[in-house]
Amino acid sequence: MVDSKREIERKYEATAGTRLPDLSRVPGVSAVVHRGVTELDAVYHDTEDHRLAADSLTLRRRTGGADAGWHLKFPVASGIRDELREPLSDTLPHSLAGLVRSRVRGAALVPVVRLRSARDVHHLVDDRGEPLAEVAVDEVRAVRLTGGGATATWAEIEVELADDGDPALLDAVERRLRKAGIRPSASASKLARALAETGPGAEPGAAPDSAKKPKKPKKPKPGKEKAARAEEAREEPAPTTAGDHVLAYVRRQTEAIVALDPAVRRDLPDSVHQLRVATRRLRSALRTYRRILDRDATDPVGRELKWLAAELGIDRDQEVLDARLRGHLDELPRTLLFGPVRGRLRIRSTARRAGSRRRTVAVLDGKRYLALLESLDALLTDPPLLPAASRAPGRALPRALLKEYGRLAKRVGHALDLPPGHDRDLALHEARKAAKRTRYAAEAARPALGRPAKRFAKRMKAVQSLLGDHQDSVVAREALRTLAAQAHVAGESAFTWGLLYGREEAAAAARERELPGVWERASRPKLRSALGG
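Residues numbered from 1 in each chain as written. Predicted model: local features only at pLDDT ≥ 70, side-chain atom pairs only at ≥ 80, totals over all residues. Heavy atoms only, no water.

### Some details on the pairing of strand β2 (residues 31-46)
Turning to step 1, where the next piece is worked out: Here β2 pairs with strand β6 (residues 110-125) via 15 bridges, running antiparallel. Bridging from a neighbouring strand, Asp-41 pairs with Arg-116 of β6. (Pairing = 2+ DSSP bridges. Helix = DSSP H or I, 4+ residues; strand = E, 2+ residues; numbered from the N terminus.)

Structure below.
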C-alpha cells in the first residue's frame, strides 16, 4: 500500500556562505540538534512536454536518506503537498503510475532531471526532545537529462514542519531567517528551478533572478486593495463573449476531472462524488449551450460523459445508500433493533463497496476513459463555436437558461398531476435530473450574469435537493425490502427493516407535500424577468 504524508514546508534562498541564525531563540524551540550531512540523488520523471510539471506534480526516484524510494507529490496549497511513497525499485510502481495517468495518458514517462544534493540537516526540538521541524541547508547540482545536458547549481534552505506540528512555528522561523537577511525562494520546488535554469536559453551556472534580494512589496492601502486585485485579474484576458464564458466553464470542469482522478484512485473522502459532479456539470453545459457549441462535435463527447457519470454512480450511489441506512439505525433506540441488523448491513455494504470500487478504478484505467480525456482536450484546443458564440453573454446565455427552466417546469407539473406511487416516483426522478441540469446551466452563466444567475442557481438547487432526497428514499426502500427478505430467509427478525421502510415511505410523502411550495418559490416571475425572460 502507498505510504502517504502531508508535507508542509517553506523554501528560502541561500548561497554557499549562508549561515543559519540561532533558531533556538524561536518561541517553543528548546534546542537545535545537528543531524549531519546526507547525500541525496534524485532522478525526476515526466513526459517530454512536462505535463506533470505543468500541474506542479513531481515524480522522482531518490536514493540516500531515510526515505529512499519513489516519491509522488501533489500540490494541496501554497507550501503544502501530499507526498506518496513507494519502496525503492528499478521501475515505476504501478500504484504511482495510475495516479498520474489522467495527466500522462499515452505519453511515456522519461527521466528529465537529476538532482544531487548535499543536505545539512538540523532538527528543532521542544523541551522533551520531540522534533518540531527540520531545517535543511541544501547544496544542489542539477543536470538536465534531455536536451543537451545543461547544468545548474544553487543553495537553498528548506524548513519542513514535523508531523502534526503547528504551522505557526513556520512563521516564527521565517521571522528569524528574514532578520538574518534570508529571503523566500521564488521557486515552488527544486524541480521547477532546475527546469527553468537548465532549459533553452538559460545560462548554465548563472545565478537566477530569485537569488537576488527582492524588493519588499508595498502593501496596498485598505482603499486600494480592491483595485490591486482587479489589476491582477487583468493579467489574463477576461471572457467577453457568450462563447468565452461557456468555454471557460468547460475548461474548469475538464481540469476538475483530471485533478480528481488521483483522489478517486486514492479513495479520498467525497472524491467519487466530486468527480461525478464535474462530469455532470460538463455534460450539462454541452447540452444546454447547443446554440454556442456545435452539437455535432459535442454530442459524442456528451454521450461519453454520460457513460462515465453512470459508471461513477455505481460507487457513489453505494456510498450515499450506506450512509443513509447507517444513519437510520443510529437514530433508533436499542429496543427497536431486532436481530443482527448492523452486522447484516455491514456485510452487505462491504461486499458491494469492494465490487464497486474495483469497477471504478478499472474504468479510470480503461482506454475509453483516456480517449474521453483526449476528446475534451481536442474540444478546447479547437472549439466548435457557432455564430451565437460571438454574441454578448447577456443575450445568449439567459435564453438557454430559460429553455432549461421551461423543460423543468413541464416535468414538475407532470409529476404533481400523477397520483402517489411508482409512476410519480419515476416522474419526480426525471424532474430531479432536469433541476440539476438547470442549476448547472445557471452556475455556468454566473460569471457573466452575476447576481440573477446566482439567485436562480440557488433556487434550482433547493428544488434539486428536495427531489434528490425523495429519490434517495425510493432507492433506500428497495434496499430495505431486500434486507428484510434476506433476514427472513436466514431466520432473523425483519421488524427493524420494516420499521425503517415505513419511515422512508413517510419521508418520501413529506417531500411530495413540500414540493409545490418549494417550486412556487423557485419560479417567481421576477426571477424570469431578471434573466431577461
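We are not done yet, so read on.
### Considerations on the environment of Ala-194
Turning to step 1, where the next piece is worked out: Within the fold, Ala-194 resides in helix α5 (residues 190-198).
Turning to step 2, where the next piece is worked out: Exposure remark for Ala-194: the relative accessible area of 0% places this residue in the buried category.
Turning to step 3, where the next piece is worked out: For the pair Ala-194 and Val-112, spaced 82 residues apart in sequence, the C-alpha separation works out to 9.9 Å. (Buried < 20%, exposed > 50% of the residue type's maximum accessible area, 1.4 Å probe, protein only.)

### Here's the deal with a positive patch on the surface
Turning to step 1, where the next piece is worked out: Taken together, the side chains of Arg-291, Arg-391, Arg-395, Arg-399 and Lys-403 define a basic patch exposed on the protein surface.
Turning to step 2, where the next piece is worked out: Looking at the secondary structure, you find Arg-391 in the loop between α11 (367-381) and α12 (393-417). (Patch = residues over 30% accessible without salt bridge, like charges linked within 9 Å, V, L, I, M, F, W, Y side chains within 5 Å. Areas by Shrake-Rupley, 256 points an atom, 1.4 Å probe, with all protein chains shown as cover. Salt bridge = Lys/Arg side-chain N within 4 Å of Asp/Glu carboxyl O. Lys, Arg positive; Asp, Glu negative; His and termini not counted. Charge placed at Lys NZ, Arg CZ, Asp CG, Glu CD.)

### Topic: the environment of Phe-456
Turning to step 1, where the next piece is worked out: By the element assignment, Phe-456 lies in helix α14 (residues 451-489).
Turning to step 2, where the next piece is worked out: With 55 residues separating them along the chain, Phe-456 and Leu-401 place their C-alpha atoms 9.4 Å apart.

### With respect to the packing of aromatic side chains
Turning to step 1, where the next piece is worked out: Overall, the coordinates contain three aromatic pairs when judged by the stated rule.
Turning to step 2, where the next piece is worked out: Centroid distance Phe-338 to Phe-495: 5.0 Å. Interplanar angle 65°. Geometry classified as edge-to-face. With Phe-338 in the loop between α9 (295-331) and α10 (341-365) and Phe-495 in helix α15 (residues 495-522), the pair connects residues that are 157 residues apart, well separated along the chain.
Turning to step 3, where the next piece is worked out: Of the residues examined, Phe-495 reaches a relative accessible area of 41% and is grouped as partly exposed.
Turning to step 4, where the next piece is worked out: Chaining the aromatic ring pairs together yields one cluster made of Tyr-405, Phe-456 and Trp-519. (Phe/Tyr/Trp six-rings, centres within 6.5 Å; stacked < 30°, edge-to-face > 60°.)

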